[in-house]
Amino acid sequence: MNSRPIGIFDSGVGGMTVLAEIAKELPNEDLIYLGDTKNFPYGDKSKENIIKISKKCVEFLISKNVKLVIIACGTATSQALEELRKEFNIPILGIISPTVESIKKSVKEKSKSIIGVIATEGTIRSNKWEQELKEKIEDITVINKACPLLAPMAEQGWTVNKVAKETIKEYMSVFKDKNIDKLILGCTHYPLFKGLIEKELGNGVEIINTGEKIAKAVTDYLNEQNANNDKTNNADCKIYLTDTECNFINVAEKLLKDESVKDKISKVNIE
Ligand code: DGL
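What you see as residue numbers is a count from 1 along each chain, following the sequence as written. Note on the predicted model: pLDDT of at least 70 is required for a residue's local features to be given, and 80 or more for side-chain atom pairs to be given and counted; whole-chain, interface and lining totals, by contrast, use all residues. Here the side-chain values reflect all heavy atoms present in the structure, with hydrogen atoms and water set aside.

A. Up close: the side chain of Thr-167. Strands are runs of DSSP state E lasting at least two residues, helices are runs of H or I lasting at least four, and both sets are numbered from the N terminus onward. Here Thr-167 shows up in helix α8 (residues 162-172). There is a polar contact of 2.5 Å between the side chain of Thr-167 and the backbone oxygen of Val-163. Should any heavy atoms of two residues lie within 4.5 Å, those residues are considered in contact. Residues in contact with Thr-167, not counting those within four places in the same chain, are Leu-149, Leu-150 and Met-153. Here a polar contact is taken to be a pair of N or O atoms separated by no more than 3.5 Å, where protein atoms must pair a possible hydrogen donor with a possible acceptor and residues adjacent in sequence count only if both atoms sit in side chains.

B. Representation of the site of the ligand in the model. Residue proximity to a molecule or strand is established when one non-hydrogen atom of the residue lies within 4 Å of it. Inspection of the region around the ligand gives 14 residues, with Ser-11, Tyr-42, Gly-74, Thr-75 and His-189 positioned closest. At a separation of 2.6 Å, an oxygen atom of the ligand approaches a polar side-chain atom of Ser-11. In this structure, an oxygen atom belonging to the ligand sits 2.7 Å away from a main-chain N or O atom of Tyr-42. Per-residue and other accessible areas were derived by the Shrake-Rupley procedure at a 1.4 Å probe size, with only the shown protein chains allowed to occlude residues. Calculation on the ligand without its partners gives an accessible area of 300 Å², and the protein chains cover 98% of this total. Three residue categories are used. Nonpolar comprises Ala, Val, Leu, Ile, Met, Phe, Trp, Tyr, Cys and Pro, charged comprises Asp, Glu, Lys and Arg, and polar comprises the others, including Gly. In terms of residue class, the shell around the ligand is built from six nonpolar, seven polar and one charged.

C. Up close: the pattern of salt bridges. Any carboxyl oxygen of Asp or Glu within 4 Å of a side-chain nitrogen of Lys or Arg constitutes a salt bridge here. Within the structure shown, the criterion is met by 16 salt bridges. One continuous salt-bridge network, built from bridges that share partners, spans Glu-101, Glu-132 and Lys-136.

D. Geometry of helix α10 (residues 210-225). With 16 residues, α10 should cover 22 Å at 1.5 Å per step; its first-to-last C-alpha distance of 22 Å lies within 8% of that length. Relative accessibility decides the category of a residue: with a 1.4 Å probe and only protein chains considered, values under 20% of the type maximum give buried, values over 50% give exposed, and everything between is partly exposed. For α10, the complete set of buried residues consists of Thr-210, Gly-211, Lys-213, Ile-214, Ala-215, Val-218, Thr-219 and Leu-222. Near the N-terminus of α10, the side chain that reaches the backbone nitrogen of Gly-211, with its oxygen 3.0 Å away, is that of Asn-209. Where α10 terminates, the next one or two residues include Asn-226, which has phi positive at roughly 55°. Under the convention used throughout, the expected extent of a helix is 1.5 Å for every residue step, that is, one less than its residue count.

E. Broad picture of the nonpolar core. Core analysis: the biggest nonpolar cluster contains 68 residues, and Leu-133, Leu-183 and Ile-197 have the highest contact counts within it. Those residues within four positions of Ile-197 in sequence are excluded, and the remaining contacts are Ile-118, Ile-168, Met-172, Leu-183, Leu-185, Tyr-190 and Ile-207. The nonpolar core is taken to be a set of buried Ala, Val, Leu, Ile, Met, Phe, Trp, Tyr and Cys residues, with the residues joined through side-chain atoms within 4.5 Å. Residues Phe-9, Ile-51, Val-66 and Ile-71 belong to the second largest nonpolar core, which totals 25 residues.

F. View of helix α9 (residues 194-201). Along α9, the positions that sit buried rather than exposed are Leu-196, Ile-197 and Leu-201. Seen end-on, α9 carries its buried residues on one side only, within an arc spanning 120°. Two residues or fewer after α9 comes Gly-202, characterised by a positive phi angle close to 85°. Along the arc lie the directions from the helix axis toward the C-beta atoms.

G. Molecular detail of the pairing of strand β8 (residues 206-209). Taken together, the four bridges between strand β7 (residues 182-185) and β8 define a ladder with parallel strand orientation. Bridge pairing in β8 places Leu-185 opposite Asn-209. The pairing criterion is simple: DSSP has to find at least two bridges between the two strands.

H. Inspection of the sheet that holds strand β2 (residues 31-35) at higher detail. With respect to topology, six strands assemble into an open sheet ordered β4-β3-β1-β2-β9-β10, the strand pairing being parallel. In the strand order of this sheet, the two ends are held by β4 (92-93) and β10 (265-267), each with one partner. Of the pairings in the sheet, the one linking strand β9 (residues 237-241) to β10 comprises three bridges and is parallel in character. Note that in β10 the partner of Tyr-240 across the bridge is Ser-266.

I. Representation of the packing of aromatic side chains in the model. Here is the rule: rings of Phe, Tyr and Trp (six-membered ring for Trp) pair when centre to centre is within 6.5 Å. Planes less than 30 degrees apart are stacked, more than 60 are edge-to-face, and the remainder are tilted. Enumeration according to the criterion identifies two aromatic pairs in this entry. Taken together, a centroid distance of 6.2 Å and an interplanar angle of 45° make the contact between Tyr-33 and Phe-248 tilted. Remark: Phe-248 occurs in helix α11 (residues 248-256) and Tyr-33 occurs in strand β2; sequence separation between them is 215 residues. The pair formed by Tyr-33 and Phe-248 is uniform in burial state, with each residue classed as buried. Centroid distance Phe-60 to Tyr-240: 5.1 Å. Interplanar angle 70°. Geometry classified as edge-to-face. One end of the pair, Phe-60, is in helix α2 (residues 47-63); the other, Tyr-240, is in strand β9, with 180 residues separating them in the sequence. Residue classification places Tyr-240 among the buried positions, given a relative accessible area of 10%.

Don't take any of this as a statement about function, it's just geometry.
Set out below in structure tokens:
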């Protein structure tokens, strides 16, 4: 048993899609969320910069005595996970490996899968999704598409309006007639557009939310390590933001269907 909290970070509200899945799967765990809103967006920053700011995020979460860090961000996972693991002596999980492992289990042997990946510019540039998918799964074709407008739109709460509809239509056009089986939402902001994406691609395409996969991976990890929190009620959730002049509260309240999000937020300086 380990009653210390789980630490989660992202550049903004996107990682809350991961937090929501973890809270569902592990209702006894205390959670500490860091939204690095001051440095948003991560998606167009250099790898050096992503490593530097991710280190600050991990240092902050460690100062809160977390037992495990979850990088609820595709951009930071793809560019900083290895460096962070070298630097810090705490378990750190990213969103790519648990998702690829889960896809591997679901893909039938000898079947040729075509998988689409949408993510930020930085994540697509790193090519980490394609590398890991091809390393772990035979006969797989990967079609990548950077969607740089989506994370900023999600931060604004523009996820179901006319602009969102047109933007999703435009971005999804690369997958038309390509017969993809699955689409990985490689940025944690993108589950906020899931409804529009599903409509655009039709029922035949499985939309993969990395938050669901990581929540399962965290459950397995805590079981293996015997590191669950065995408290039975009132799990605590604290949210820290590096800048509060943003739309975080509105978007997070809608996402979590919880009007008390604002009471959980504190401003923090991680520089
Ligand atoms: N939600 C993040 C990701 O998964 C970051 C998006 C951004 O800050 O550009 O990549």
